[in-house]
Amino acid sequence: MSQIFISHSSRNNAEAKALSEWLITEGWDDQFLDLDPQRGITAGEQWEKALHQAAGRCDAVLFLVSADWLASDWCRREFTIAQGLGKRLFVLLIGGTKRSDVEAHIKEIWQLVDLSGGTDHGAAIEVTLDADIKPRFVYFSQSALTRLREGLKKAGLDPQSFPWPPADDPERAPYRGMRPLEFADAGIFFGREAPTIEMLAQLRGLHAAAPPRFMAILGASGAGKSSFLRAGILPRLKRDDRYYLPLPVIRPERAALTGMSGLLESLWTIRQQFGLGWTRKQLTGAIETGASALLPLLRQLAEHGQVLDPEGQAVAPPTLVLAIDQAEELFQSEGREEAARFLSLLHDLLQAESPRILALCTIRSDSYEHLQSAPELIAMPQRTFSLPPLPKGAYRQVIEGPAALLKHSARPLRIEPKLTEALLRDVEEGGAKDALPLLAFTLERLYADYSADGELSLQEYEDLGRIAGAIETAVDQALKAAQTNPKLPQDRDACLKLLRCGLIPWMAGIDPRTNLPYRKVARLAQVPEEARALIEHFVNHRLLAKDTDVQGQATVEPAHEALLRQWTKLRGWLEEDAAALSTLESVKAASRDWVAKSKAQTWLIHAGGRLEDAEALHQRSDLAANFDSDDRAYLAECRKAEAERRDSELRQAQELAKTQQQLNEQQGRVVQRTRVGLVVASGLLVLALIAATLAWRAQDRAENETKRAEKSLTQAAERALGRAQEKLQADDSRTSAAYLAESLGYKSYQ
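Description of the structure in this document. (Residues numbered from 1 in each chain as written. Predicted model: local features only at pLDDT ≥ 70, side-chain atom pairs only at ≥ 80, totals over all residues. Heavy atoms only, no water.)

In this section: empty space enclosed by the protein. This model, assessed by the stated rule, comprises eight cavities of 30 Å³ or more. As for the largest cavity, its lining consists of 33 residues, of which R179, P180, G224, S227 and L436 are closest to the centre. Of all the secondary structure elements, the ones that give two or more residues to the lining of the largest cavity are α8 (225-239), β11 (357-364), α14 (395-405) and α16 (435-450). Examining the composition of the lining of the largest cavity, we find that four residues originate from one element, α16, more than from any other. Class assignment of the residues belonging to the lining of the largest cavity gives a composition of 16 nonpolar, nine polar and eight charged. Looking at the second largest cavity, its volume works out to about 110 Å³. The wall of the second largest cavity is formed by 14 residues, among which E328, Q332, R364, Y518 and E561 lie closest to the centre. Split by residue class, the lining of the second largest cavity holds two nonpolar, four polar and eight charged. (1 Å grid on protein atoms, 1.4 Å probe; cavity = no way out; pocket = protein on both sides within 12 Å on 5 of 7 lines; lining within 4 Å. Points joined across faces, edges and corners; volume = space filled by probe spheres on them. Helix = DSSP H or I, 4+ residues; strand = E, 2+ residues; numbered from the N terminus. Nonpolar A, V, L, I, M, F, W, Y, C, P; charged D, E, K, R; others polar.)

Our next topic: the sheet that holds strand β12 (residues 383-386). The sheet built from five strands is open, its strands ordered β9-β10-β11-β8-β12 with parallel pairing. Either end of the sheet is taken by a strand with one partner, and the two such strands are β9 (244-246) and β12. Going across the sheet, the axis of each strand differs from the next one's by a mean of 25 degrees, ignoring polarity. Relative to β11, strand β10 (residues 319-324) runs parallel, the two being bridged by five bridges. Looking at the pairing, L322 lines up with A359 of β11. Lying over the sheet, helix α7 (residues 193-208) contacts β8 (213-219), β9, β10, β11 and β12, oriented at roughly 160 degrees with respect to β8. Running at roughly 160 degrees to β11, α8 makes contact with β8, β9, β10, β11 and β12 of the sheet. (Pairing = 2+ DSSP bridges. Axes fitted to C-alpha atoms, helices over the stretch in contact; angles between N-to-C directions. Contact = heavy atoms within 4.5 Å.)

Read across the sheet, three strands follow the order β17-β19-β18 without closing on themselves; strand pairing throughout is antiparallel. Each edge of the open sheet is held by one strand with a lone partner, namely β17 (522-523) and β18 (544-548). Here β17 pairs with strand β19 (residues 554-558) via two bridges, running antiparallel. Within β19, the position partnered with R523 by the bridge is T555.

Another aspect to go through is the packing of aromatic side chains. Counted according to the given criterion, the structure contains 10 aromatic pairs. With a centroid separation of 6.4 Å and 50 degrees between ring planes, the pair formed by F189 and F228 is classed as tilted. Taken together, the positions of F189 in the loop between α6 (142-154) and α7 and F228 in helix α8 put the pair 39 residues apart, joining distant regions of the chain. Across the pair, F228 and F189 agree in class, each one buried. A connected cluster of aromatic rings, assembled from ring pairs, spans F63, W69 and F79. Over the aromatic face of F162 sits the side chain of R239, whose NZ or CZ is 4.0 Å from the ring centroid. (Phe/Tyr/Trp six-rings, centres within 6.5 Å; stacked < 30°, edge-to-face > 60°. Buried < 20%, exposed > 50% of the residue type's maximum accessible area, 1.4 Å probe, protein only. Lys NZ or Arg CZ within 6 Å of the ring centre and 35° of its normal.)

With that settled, the discussion passes to the side chain of S227. Topologically, S227 is positioned in helix α8. Residue classification places S227 among the buried positions, given a relative accessible area of 14%. In this view, S227 contacts P180, L181, F189 and G232; residues no more than four positions away in its chain are not counted.

The next subject is the side chain of R254. Counting through the fold element by element, R254 comes out in the loop between β9 and α9 (263-274). No salt bridge is formed by the buried R254; the nearest opposite charge belongs to E334, separated by 4.0 Å. In this structure the side chain of R254 is engaged in a polar contact, spanning 3.1 Å, whose partner is the side chain of Q526. (Lys, Arg positive; Asp, Glu negative; His and termini not counted. Salt bridge = Lys/Arg side-chain N within 4 Å of Asp/Glu carboxyl O. Polar contact = N/O pair within 3.5 Å; in protein donor to acceptor, adjacent residues only side chain to side chain.)

Printed below as a string of C-alpha cells:
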C-alpha cells in the first residue's frame with residue numbers, strides 16, 4: 001500500500017530520487033515513485049490507468065514543481081487526477097521556481113514548500129540513475145524539509161502512525177475484545193488501510209461541497225464499523241485540525257440528546273477541552289430550542305478550533321464533525337421521541353452555511369432503509385460508504401500487529417507462529433460471518449489469561465477451546481465462578497434459568513421490522529434483583545459490558561451483537577421467544593408513538609388477534625416487567641377501543657337485523673297483495689280467454705256467411721251473363737244492352 005505518491009517531470013528524476021531517499025530516512029518508506037523499478041509504472045502498462053490506480057491507493061501526493069513540470073501536460077494531468085480523488089496535495093518548488101510562477105489553483109493545496117530557496121542547504125543527497133555513469137548530488141533547504149516533515153505529520157502521515165501504548169495508559173491491553181477500538185487505540189487499528197485512505201479522500205470531497213454534508217458508513221453487524229469510525233477515521237481527522245474538528249462520538253442508545261453518549265454530553269465534553277464558558281443549562285436550552293440557538297455556540301466552537309497552516313498563515317475555521325455510532329439505535333422502540341428530535345435538529349444544523357458541519361454515522365446495512373426514509377431526513381441527500389468484511393489477508397496484521405508494537409516496551413509479547421497459522425485456519429473455516437469479533441474476543445482472552453510470560457502459544461489456544469469454543473468456554477467459566485457465590489443457585493440449570501430472565505428482554509430483543517435479534521443497553525436496576533449478581537460474573541468474563549450513565553446509574557449490555565448469534569444458549573432462547581419479543585417491541589414502539597401524538601385514538605393500532613397476543617404477554621412475568629406505565633396505559637386504551645368497537649359492531653348488527661325483519665315483513669305484505677292480484681288477474685285472464693273464444697267463433701260464422709253470399713252473387717251474375725249473350729246472339733244489341741244494364745242494376749241492388 002503506497003501512502004505517498006511523488007509526481008515529477010522526467011527531467012527532474014534526480015530530485016525525485018533524492019526526495020524519495022530523504023522520505024525513507026525519515027520513516028516514510030511506503031511510497032510510489034514512477035522511476036522505482038519495484039513500485040513504479042512498468043514498461044508496457046497503460047500509463048494513465050496505472051497512474052490513476054496508484055494515486056487512488058495513496059493518501060498524499062507530493063508534486064515536485066519546476067519549470068519543466070509546469071510545461072508538461074502529463075504532470076498537470078497528474079495534478080488533476082489527484083485533486084479529483086480528494087488527496088492531500090503538497091507542492092514542492094525546485095529548480096528556482098518561484099511562488100509567483102505557479103497558478104493560483106495549484107497553490108490552493110495543503111502545503112507549499114520551496115525546497116530550493118534559502119541558504120540553509122544541508123548535506124548533499126547522492127543519487128544514481130540508470131542512465132548515469134556518475135552519481136548526482138541534490139541539495140534541499142533544511143528548513144523547508146523540516147516544514148515538509150511537520151506538514152506530513154499534520155496531514156496524518158506520521159511514519160510512526162499513532163503511538164502505542166498511549167502515554168496516558170501505558171498498561172492498556174493491545175487486544176480489546178468485542179468492544180470497539182477507541183481513539184486511544186488508533187495505533188493498533190490494523191487491516192483497514194485501503195478503506196481508510198478511500199474514506200478520507202471522500203470526506204475531503206464532502207468537506208469542499210455545499211451543505212448538507214452527510215455520510216453514512218454501511219456494513220454488516222460484525223464488520224467493524226465502530227472501530228473503523230472511532231480508531232480509524234476520527235483520529236486522522238483530528239490530526240488534520242486545519243480542516244476538521246471532530247466532536248466526541250454520539251451513540252444514541254435510549255436518549256440521543258440527553259443520554260450518557262448523547263449530543264448534550266458530546267458538546268459538554270468538547271466545551272471543557274476548549275475552555276468555553278457555556279453552562280450545562282445553556283447547552284440544554286439551546287438543544288431544546290433548536291438550530292437557531294445552537295448554531296451560534298457551534299460557530300464559537302469552530303472559531304476556537306482555528307489553527308495556522310504549515311506556513312503560519314491563518315485559515316478558515318475547521319469543519320465540525322458530528323460522529324454518530326450505531327445509528328440503528330435511533331429507530332428502536334425505546335428513546336424514539338428523543339431520536340426524532342435529534343434527527344430533526346441534525347437536519348436543520350446540516351443546512352447551515354456557517355459553521356461547516358459534517359455528519360458521519362455508522363449503521364448496519366439492514367437498518368439503513370430506516371435512516372434513508374426517516375421523515376426528518378427525507379429530503380436531505382445522503383452519501384454512503386460501504387465497509388465490506390475484513391479481507392482475509394488482513395487478519396494476520398490484526399493478530400501480529402499489536403504484539404509487534406510491544407516489542408521494545410516494558411511488556412514485550414511474542415506470538416508463536418503456529419498460533420498465528422491456527423488462528424488464520426479457523427477464521428478461514430468459520431467464514432466471514434462474525435469472524436472479526438470472534439477473533440478479537442479470542443485474542444483478548446488469550447492475552448488476559450496467558451500473556452504474563454510474554455508469549456502466546458498454540459497450546460494455550462487449544463486450552464481456550466480455539467475460536468469456535470472461546471465464547472462457550474467463557475460462559476462455562478462465568479457459570480462456574482457464579483456457583484461459588486452463596487447468593488446464587490448451585491445448580492447449573494437453575495443458574496441458566498436465572499441468567500435467561502436477567503438477559504431477556506433487558507439486554508436482547510427482536511426487531512419486529514426485520515425479525516432479527518439486537519442488543520439493548522439496560523440499566524442494572526431494571527434487571528431482576530435476583531439475577532444481578534450473576535450478571536456481574538458475566539461482566540467479569542467480558543461477555544457483558546458495564547458502564548455508567550449521566551445520572552450515575554450502572555448500565556450493562558452484551559459486549560457485541562455477535563454474542564446473540566454465536567452464544568448457543570442465548571441464541572436458542574431468542575429463537576424460542578422470538579414471537580413474544582417481537583410483540584413486546586411492537587407494543588413499546590406503538591405506545592411511544594401514541595404518547596408522542598398526544599394519545600390520539602387513531603394511534604391505537606393493536607386490535608383483534610394482535611391485541612390478544614400483546615395482552616398474553618402479561619402471563620409472562622419476565623416480559624410483562626418490561627412494560628412501563630405508558631405501555632400499560634396504551635394496552636388498556638386499546639382494549640377499551642376494542643370493546644367500543646365490538647359494542648358498536650353489535651349495535652350495528654342488531655340494527656341491521658331489525659331492518660332486515662322490517663324488510664321481510666314488508667316483503668310479506670307485498671307477496672300477499674301480489675297473490676290476490678294474481679288470482680284476480682287469473683280470473684280476468686280466463687274471462688278474456690272465453691270472450692276471445694266466443695268472438696273468434698262469431699267471427700268465423702260471419703266469415704262463412706260472407707263467403708256464401710259472395711258465392712250466390714257470383715252464380716247470379718253468371719246466369720245473367722248467360723241470358724245476355726243469348727239476346728246478343730239475336731242481334732238485338734240495344735235490347736240486350738238494356739237488358740244487361742237492367743240485370744246488372746238489379747243484381748247490384750240485390
